[in-house]
Amino acid sequence: GIDYWLITATPTSFYVFEVTTSGVNTSASPITLNPIYPYGYLKASVDGSRIAVANYSANSIDIYDFNNTTGQISNPIHLSVTFRVYGLCFSPSGNILYASQDASPGDIYQFDLLSANI
């Protein structure tokens, strides 16, 4: 409840930095997972257990488990979508992910993360 994580993404890796009262730990090593195209929001769930990345160029969303004690990212879930996704937001429970379309009319899509078929 005191420290924070700063998470950034490049097209091939995540970088996770711990931010404490002592400052920013700059010794982060890249975490390489599936190639990603992070041109959109990178959003954490309210409880910090998941992160989602909007892949505008690839028409997809990638969802990962996030260990908010160690900073590890794991268990990728790749969702192909039929729109250019940009904005993301988790519900307060973390069980629903909302995604916005970056075009007119600006539709909002809902994904049930507890469903066997997200």
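The structure reproduced in this document is the subject of the present report.

About the criteria used
Residue indices begin from 1 for each chain and proceed along its sequence in written order. In keeping with the model being predicted, local features are shown solely for residues with a pLDDT of at least 70 and side-chain atom pairs are shown and tallied solely at 80 or more, while totals for entire chains, interfaces and linings include all residues. Only hydrogens and water are removed before side-chain values are computed, so all heavy atoms of the structure are retained for them. By definition here, a salt bridge exists when the distance from a side-chain nitrogen of Lys or Arg to a carboxyl oxygen of Asp or Glu is within 4 Å. Under the scheme used here, helices are H or I runs from DSSP no shorter than 4 residues and strands are E runs no shorter than 2 residues, and both carry numbers assigned from the N terminus. Summary of the burial criterion: residues with accessible area below 20% of their type's maximum are buried, those above 50% are exposed, and those between are partly exposed, where the area comes from a 1.4 Å probe applied to protein chains only. Whether two strands pair depends on DSSP finding at least two bridges between them.

### Examining the pattern of salt bridges
Next, step 1: For the structure shown, the criterion picks out one salt bridge.
Next, step 2: A salt bridge links D65 to R50; its shortest N-O distance comes to 4.0 Å. One end of the pair, D65, is in strand β7 (residues 60–66); the other, R50, is in strand β6 (residues 50–55), with 15 residues separating them in the sequence.

### Here's the deal with the pairing of β6
Next, step 1: The buried fraction of β6 amounts to five of the six residues, a majority that puts the element mostly inside the structure.
Next, step 2: Relative to β6, strand β5 (residues 42–44) runs antiparallel, the two sharing three bridges. If you follow K43 over to β6, its bridge partner there is A52.
Next, step 3: Between β5 and β6, which pair antiparallel in sequence order, lie five residues; one of them, G48, sits at a positive phi of approximately 75°.
Next, step 4: Between β6 and β7, which pair antiparallel in sequence order, lie four residues; one of them, N59, sits at a positive phi of approximately 50°.

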